[in-house]
Amino acid sequence: MSSTTNTRMAFDQALERFEPVLGLETHVELGTASKMFCSCATEFGQDPNTQVCPVCLGLPGSLPVVNAVAVESTIRMGLALHCDIASWCRFARKNYFYPDMPKDYQVSQYDEPLCTNGYLDVTVATDDGPREFRVEIERVHMEEDTGKLTHAGGDTGRIHGADYSLVDYNRAGIPLIEIVTKPIVGTGALAPLVARAYVTELRDLMRSLGVSDVRMDQGSLRCDVNVSLAPAGEPWGTRSETKNVNSLRSVERAVRSEIERQAAVLADGGRVIQETRHFHEDTGETTPGRSKEHAEDYRYFPEPDLVPVAPSAEWVEELRGTLPEVPSVRRARLQEQWGISDLEMQTLVNAEALDLVEETIAAGVDQAAARKWWTGEFTRMANEQGVALADLGITSSHISRVESLIADGSLTDKLARQVFEGVVAGEGDVDAVIAGRGLVVVGDDSTLLAAIETALAEQPDVAEKIRGGKVQAAGAIVGAVMKATKGQADAAKVRALLLAHLGVEG
Amino acid sequence: MAPVMDGDLVRQDAATLASAMQAGEVSSAEITQACLDRIDAVDGEVHAFLYVDKDAALASARVVDEQRASCAQLGPLAGVPLALKDVLTMRGVPTTCGSRILEGWRPPYDSTVVERLREAGVVILGKTNMDEFAMGSSTEHSAYGPTRNPWDLERIPGGSGGGSAAALAAFEAPLAIGTDTGGSIRQPAAVTGTVGVKPTYGGVSRYGLVALASSLDQAGPCARTVMDAALLHQAIAGHDPRDSTSINAPVPDVVAAARNADIRGMKIGLVRELGGEGYQDGVRQRFDEAVTVLTDLGAEVVEVSCPNFEYALAAYYLILPSEASSNLARFDGMRYGLRVGDDDQASVEEVMSQTREAGFGAEVKRRIMLGTYALSSGYYDAYYGQAQKVRTLISRDFAAAFDQADVLISPTAPTTAFRIGEKVDDPLAMYLNDIATIPVNLAGNCAMSVPIGLAPEDGLPVGLQIMAPALADDRLYRAGSALEQALVDKWGHELIEEVPAL
Amino acid sequence: MAQISREEVQHLAHLARLELTDEETAHYAEQLSAIVDAVARVSDVAAQDIPPTSHPIPVTNVFREDVAKPGLPRDEVAAAAPSWEDDRFKVPRILGED
């Protein structure tokens, strides 16, 4: 729990008096097969300390060797962010003791980052329509991740009050890319939204480049959010740095919360302390961590175990040739191609379904059907199971098969949902689920007629009403037939048969 | 045909032992047993070894003997025993680096040097004593007690690789591996009357060499003859993809160079700044005589000046501690080695601090603090930054000198072996031992120490240092071998024969 | 004359995680001052326009292919650990962070 409760000023009021300045430092794990400096695998969720070797355990005598794909990914990211690519740069050691860091220094880049001076355009929806902001990028550099600490004993499972900690070094040495913005000014009340839009855009960019799948649920994107306030027209104030903000929503909330907190401090005549703070998902507040006034002295120096990275112009140009379409451009193109509205596109993006829908359409499924499945039924199933949409286990070929069965009358919408439930439950592919669950449309007229007659016999009053012309009463009989056939009949067909059987016009 | 060998097995050099094995006169198991017996007999006094694995050594000797019996293709050093400095990892074998903090640690992997030695069929007898984490010039800074110089047991065998050098001089092993960060192969060679080579930086893989100062460290061969050193150099050198700083180029043919031993027309530069004041009289005398020998052999000796060498020691004692302070951070008691003070109450910071306080010796702590100071904000530019510029100046001095000469020479160390205890808490006096050897480490080129006689005033060995440009390691062997042969001819025997009986 | 005070030695010792005794602190203050005096002369020669050397042999772009290989067996990893629990390294409690 938060150790202190912050006094906060209402957001609108805070923005009347102060201008926020933002800075974002985003760490993303690259999606390489092996670690930054050794050949250990990078798979998430493996048994503790099973993806470690002398290098990433920092054993005496071991030496690092740079992963070529990590360098390529960083350069490609830098190019996508319109950065300059250094023609010569070195790694540096950042020295500090911490048990999650096997060598008690982190190999990073200090004053010689691989990429510098870029930008990323982001769009924020406002009441007056979309507004574009250009977020300037200070630098993009490479470094290695630390191990994972689990705090044991005590009763909170948190570091504070724990009796001891346990360390798993599987994550230690996984390549990280750090993207640092220049101060973002002029956002005013849109600051939280700009921060969120920036991180979203960054995430989409990395995915489209294929340099990372950016699994925020697995902590593979972590954001440090810097916020300071300046009274309108005055120089920037002291900033706080909120560490390890791990979701898009939290980025937005953390910015908002810091603006409200700092405004209250300043309005009260106080002084904002330069410090690191921690964001709490539960309360939406930040609490103080280490004060930067007793800052560690990291004693950076060039890493002598690694040689400089000097990308040739030819190499950089070759990598530039591999850059895909920018996400915002792609969205505009698809929106036009599919003929859908801004709102419909936004729904797809929010559901993180754009790639999946595009793939499904490419597999021959009608665009409306593809969107309907992914943003409707599948999103519900994913939420229910607490997994990402892409991890549900449904592929475009599943959808394509189901749609063709619907088209030829072999499946109803309702049955189709059951088929997908079966696919998600791991019962096999579409046809296997249909066979396994016996999901066939009860289609032959005699079977249906027999069921209709049974239903009519059980509800003679309803039968009378229908004969008397109250066609809407047919629903009760159709319902009974559907129940009798366990939902495997086509309701429209049952209704038509019923009316014809009773000689009533539909 | 006359037998290859004559006399005591343990006094033979590696090349002779190898020939005798090839001729079927002796087996590796017999040679290994002889070395183990010698270690049993004398190491109580010398204390060159920290760990000897008799069974493993004999087992690997027998494997070589079996391979030879089945006519397998074997390397030139197959079956020859070797003493390994305890700073190189060897799978399952204790590796302490002369420190308490690593007591009991058994690495789960082989260093590349060990891997290559195994491939060459070299029999590893055990691990040799050293100054803790290679910090020192006397082997007195070992947590496991000093090694003694076989020439005079009251004196130091040099350092940090005193154990490896003493093992050679005490006839416990014909070959040894050392590591050289500022002279730790060459200075012990000089004060024990043996041969030691620091190869070009990147010539021998550092993978599995527990780092002191990554940009200076280099493993290399120690032997009793130049030819033996060449054979060992050939076995361990060459590109290793696991060491990013390893040079991806063919190893110079050092064995052919040692065999060639012809220095007629070779230009030898005498470095003006490495001699004169501060050098013991007997050292200067033997050095001057060696220069005459070189001239007599047909070399052209010229004087060269390297004015910035004067600053080498200062730069070295900034760069080394800086890198060391970072390299030694990992010894924190969390993952391996010693842990002190973990009483379930103390914090991780307290346990780390207590572990390091208890696990490191005085010299290591001194250098860690010096390095921490030199890298800390506010001092970096004045110290570490400036030292790196001096490094550039030293390289330029070497480049200019190698324009005038093929190799450079100097005394290896300013004095002969000093008495144990004499300088142990006088760091500045201790650091002066490395004054002539340090410039080569800063510039990354290569150097050798060859014995050139005994100082008249104390009867202790004196070494001559030969320096060559990066990647021209073969020149060391050509010049070293020529000088060695001329001196052996002059004396009628190898200098090492004069070691007093233990 | 560089003067490294006991306080400064203590600060360095803290950065380097060394729990020095008072006696050591006093001794190192004296020795480090003398050593720093001796090495400070690097400033005498190194002018602005001299490029610093961090790596003695100029090599660039040494990379490894991105191929995953098996690491160490976990029992070997555990064997070296001073303390081990639940397949992880057990370390004392961490203070100074919320």
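Everything that follows concerns the structure shown earlier in this document.
Calculation criteria
Residues numbered from 1 in each chain as written. Chains lettered and ligands numbered in written order. Predicted model: local features only at pLDDT ≥ 70, side-chain atom pairs only at ≥ 80, totals over all residues. Heavy atoms only, no water. Helix = DSSP H or I, 4+ residues; strand = E, 2+ residues; numbered from the N terminus. Rg over C-alpha atoms; globule rule 2.2 N^0.38 Å. Buried < 20%, exposed > 50% of the residue type's maximum accessible area, 1.4 Å probe, protein only. Contact = heavy atoms within 4.5 Å. Areas by Shrake-Rupley, 256 points an atom, 1.4 Å probe, with all protein chains shown as cover. Lys, Arg positive; Asp, Glu negative; His and termini not counted. Charge placed at Lys NZ, Arg CZ, Asp CG, Glu CD. Pairing = 2+ DSSP bridges. Salt bridge = Lys/Arg side-chain N within 4 Å of Asp/Glu carboxyl O. Polar contact = N/O pair within 3.5 Å; in protein donor to acceptor, adjacent residues only side chain to side chain. 1 Å grid on protein atoms, 1.4 Å probe; cavity = no way out; pocket = protein on both sides within 12 Å on 5 of 7 lines; lining within 4 Å. Points joined across faces, edges and corners; volume = space filled by probe spheres on them. Nonpolar A, V, L, I, M, F, W, Y, C, P; charged D, E, K, R; others polar. Axes fitted to C-alpha atoms, helices over the stretch in contact; angles between N-to-C directions. Buried area = accessible area lost by both parts, 1.4 Å probe. Patch = residues over 30% accessible without salt bridge, like charges linked within 9 Å, V, L, I, M, F, W, Y side chains within 5 Å. Parallel < 35°, antiparallel > 145°, perpendicular 65-115°, else oblique. Left-handed = near helix turned anticlockwise from the far one by under 90°. Core = buried A, V, L, I, M, F, W, Y, C linked by side-chain atoms within 4.5 Å. Arc of directions from axis to C-beta. Disulfide = S-S within 2.5 Å.

Enquirer: Outline the overall build of chain C, listing residues and values.
Expert: On a plain count of helices and strands, chain C comes out with four helices and three strands. Listing the helices and strands of chain C from first to last along the sequence gives α-α-α-β-α-β-β. Computed over its C-alpha atoms, the radius of gyration of chain C comes to 22 Å, more than 25% above the 13 Å expected for a compact globule of 98 residues. The 98 residues of chain C split such that 43% are buried. Look at the contacts in chain C between residues 6 or more apart in sequence, and 32% of them connect residues 24 or more apart. As displayed, chain C has an accessible area near 5,100 Å², and 49% of this comes from carbon and sulfur atoms. Averaged over its 9 positive side-chain charges, chain C has a centre that lies 7 Å from the centre of its 19 negative ones.

Enquirer: I'd like a description of the overall build of chain B, backed by residues and values.
Expert: Across its full length, chain B holds 16 helices and eleven strands. Here the C-alpha radius of gyration of chain B, 21 Å, is about what a compact globule of 502 residues would show, namely 23 Å. If you line up chain B on its principal axes, its C-alpha atoms span 75 × 50 × 45 Å. Counting the 502 residues in chain B, one finds 67% classified as buried. Of the roughly 14,800 Å² that chain B leaves accessible, carbon and sulfur atoms contribute 48%. Across chain B, the centroid of the 40 positively charged side chains sits 3 Å from that of the 66 negatively charged ones.

Enquirer: Requested: an account of the pairing of strand β1 (residues 18-29) of chain A, with residues and values cited.
Expert: The side chains of a regular strand alternate between both faces of the sheet. Residue and element names in this part refer to chain A. Counting buried positions along β1 yields eleven of twelve residues, so the element is predominantly enclosed. Across eleven bridges, the pairing between β1 and strand β11 (residues 221-231) is antiparallel. Within β11, the position partnered with valine 28 by the bridge is leucine 221. Summarising the sheet, β1 and strand β10 (residues 175-181) pair through five bridges and their orientation is antiparallel. Counterpart to threonine 26 in the pairing with β10 is isoleucine 179.

Enquirer: Any chance you could break down the interface of chain B and chain C for me, citing the residues and the numbers?
Expert: Taken together, the contact between chain B and chain C spans 64 residues of the former and 53 residues of the latter. Our count for the chain B to chain C interface comes out at three salt bridges. Inspection of the chain B/chain C interface yields 17 residue pairs in polar contact (both at pLDDT 80 or more). Looking at the side of chain B that touches chain C, the elements that each hand over two or more residues are α10 (312-327), α11 (348-359), α12 (362-375), α13 (381-404), α14 (427-431) and α15 (438-443) of chain B. Top element by residues in the side of chain B that touches chain C is α13(B). It accounts for twelve residues.

Enquirer: Kindly report on empty space enclosed by the protein, identifying the contributing residues and their values.
Expert: The gaps left among the atoms become clear once a water-sized probe is rolled over them. Applying the stated criterion across every chain, the model contains 13 cavities of 30 Å³ or more. One number sums up the size of the largest cavity: a volume of about 140 Å³. Among the residues making up the lining of the largest cavity, the classes are represented as eleven nonpolar, two polar and six charged.

Enquirer: Lay out the sheet that holds strand β3 (residues 123-128) of chain B in plain terms, naming residues and giving numbers.
Expert: Residue and element names in this part refer to chain B. The strand order β1-β3-β2-β4-β6-β5-β10-β11-β9-β7-β8 describes an open sheet built from eleven strands, whose pairing is mixed. Whereas interior strands pair on both sides, the edge strands pair on one side only; in this sheet they are β1 (49-52) and β8 (300-304). In this sheet, neighbouring strand axes are inclined to one another by 30 degrees on average, regardless of whether the strands run parallel or antiparallel. By the bridge criterion, three bridges tie strand β7 (residues 267-271) to strand β9 (residues 407-411) in an arrangement that is parallel. In the strand pairing of β9, isoleucine 268 is matched with valine 407. In this fold helix α2 (residues 28-46) packs onto β1, β2 (81-85) and β3, with an angle of close to 20 degrees to the strand it touches most, β3.

Enquirer: Describe in detail the interface of chain A and chain C, supporting the description with residues and values.
Expert: At the junction of the two partners, chain A supplies 62 residues and chain C supplies 34 residues. Of the roughly 4,000 Å² buried between chain A and chain C on both sides combined, carbon and sulfur atoms contribute 58%. Of all residues in chain A, the largest losses of buried area upon contact with chain C belong to A:Ser39, A:Phe97 and A:Leu166, amounting jointly to 13% of the total for that side. There are zero salt bridges connecting chain A and chain C.

Enquirer: Summarise a negative patch on the surface; cite the residues concerned and give the values.
Expert: Side chains of A:Asp163, B:Asp343, B:Asp344, B:Glu349, B:Glu350 and C:Glu19 sit close together on the surface and give a patch of like negative charge. The topology assignment puts C:Glu19 in the loop between α1 (6-15) and α2 (22-39). Classification of C:Glu19 as partly exposed rests on a relative accessible area of 39%.

Enquirer: Describe the packing of helix α2 (residues 68-80) of chain A against helix α3 (residues 191-209) of chain A, and please don't skip the residues or the numbers.
Expert: What describes two packed helices is the angle between their axes and the distance between those same axes. Residue and element names in this part refer to chain A. In the contact formed by α2 and α3, the axes pass within 11 Å of each other and the chain directions differ by 125 degrees. With respect to α3, the axis of α2 lies oblique. Handedness of the α2/α3 crossing: right-handed. Facing Arg76, Met77 and Ala80 of α2, the residues of α3 in contact are Leu202, Leu205, Met206 and Leu209. Split by residue class, the contact of α2 with α3 holds six nonpolar, no polar and one charged.

Enquirer: Got a sec to walk through the nonpolar core? Specific residues and values, please.
Expert: A:Leu81, A:Ile179, A:Tyr198, B:Leu117, B:Phe133 and B:Tyr477 are the most contacted members of the largest nonpolar core, which totals 288 residues. For A:Leu81, the contacting residues outside a window of four places in its chain are A:Gly118, A:Tyr119, A:Leu120, A:Ile137, A:Val140, A:Ile179, A:Leu202 and A:Leu205. If you look at the next biggest cluster of nonpolar residues, it comprises 38 residues, including A:Trp338, A:Leu389, A:Val424 and A:Val441.

Enquirer: Please set out the packing of α3(A) against helix α4 (residues 248-267) of chain A residue by residue, giving values where relevant.
Expert: All names here are of chain A. It is the contact of α3 with α4, at a shortest axis distance of 8 Å, that shows an interaxial angle of 155 degrees. Judged on the interaxial angle alone, α4 and α3 are roughly antiparallel. Where α3 crosses over α4, the two elements pack in a sense that is right-handed. Across the interface between the two elements, Ala191, Pro192, Leu193, Ala195, Arg196, Val199, Thr200 and Arg203 from α3 touch Leu248, Arg249, Val251, Glu252, Val255, Arg256 and Ile259 from α4. For the contact of α3 with α4, the class distribution of residues is nine nonpolar, one polar and five charged.

Enquirer: Summarise the pattern of salt bridges; cite the residues concerned and give the values.
Expert: The final tally for this structure, using the stated rule, is 60 salt bridges over all chains. A salt bridge links A:Arg401 to A:Asp431; the shortest N-O distance between them is 2.8 Å. With a gap of 30 residues between them, A:Arg401 in helix α10 (residues 396-407) and A:Asp431 in helix α12 (residues 430-437) connect regions that are remote in the sequence. Its relative accessible area of 35% is what places A:Arg401 among the partly exposed residues. Accessibility expressed as a relative area gives 35% for A:Asp431, which makes it partly exposed. The shortest N-O distance in the salt bridge between B:Glu363 and B:Arg366 comes to 2.6 Å. One end of the pair, B:Glu363, and the other, B:Arg366, are both in helix α12, three residues apart, so they sit about a helical turn from each other. Taking the relative accessible area as the measure of exposure, B:Glu363 reaches 4% and is therefore buried. Several salt bridges converge on common partners, so that one network encompasses A:Glu201, A:Arg203, A:Asp204, A:Arg207, A:Arg331 and A:Glu352.

Enquirer: So what about the sheet that holds strand β4 (residues 92-95) of chain A? Which residues, and what values?
Expert: Residues and elements named next belong to chain A. Read across the open sheet, the three strands follow the order β5-β4-β15; overall the sheet is antiparallel. With partners counted over all chains shown, the strands left at the sheet margins are β5 (105-108) and β15 (301-302), one partner each. Relative to β15, β4 runs antiparallel, the two being bridged by two bridges. Residue pairing in the sheet places alanine 92 in a bridge with proline 302 of β15.

Enquirer: So what about helix α5 (residues 313-320) of chain A? Which residues, and what values?
Expert: Within the sequence span of α5(A), burial applies to A:Trp315, A:Val316 and A:Leu319. Here the buried residues of α5(A) occupy an arc of 100 degrees about the axis, which is enough to place them on one side. Residues of α5(A) that are exposed and angled more than 90 degrees away from the buried face: A:Ala313, A:Glu314 and A:Glu318. Where the residues of α5(A) are buried, they touch α2 and β3 (84-85) of chain A together with β1 (63-64) of chain C.

Enquirer: Account for the state of the cysteines, with residues named and values stated.
Expert: All names here are of chain A. All chains considered together, the criterion is met by zero disulfides over all chains. The cysteine cysteine 40 is free of any disulfide, with cysteine 53 supplying the nearest cysteine sulfur at 3.6 Å. Among the residues examined, cysteine 40 registers a relative accessible area of 2% and is labelled buried. Of all cysteine sulfurs in the structure, the one in cysteine 83 sits closest to cysteine 115, which takes part in no disulfide; the separation is 5.4 Å. A relative accessible area of 0% means that cysteine 115 is categorised as buried.

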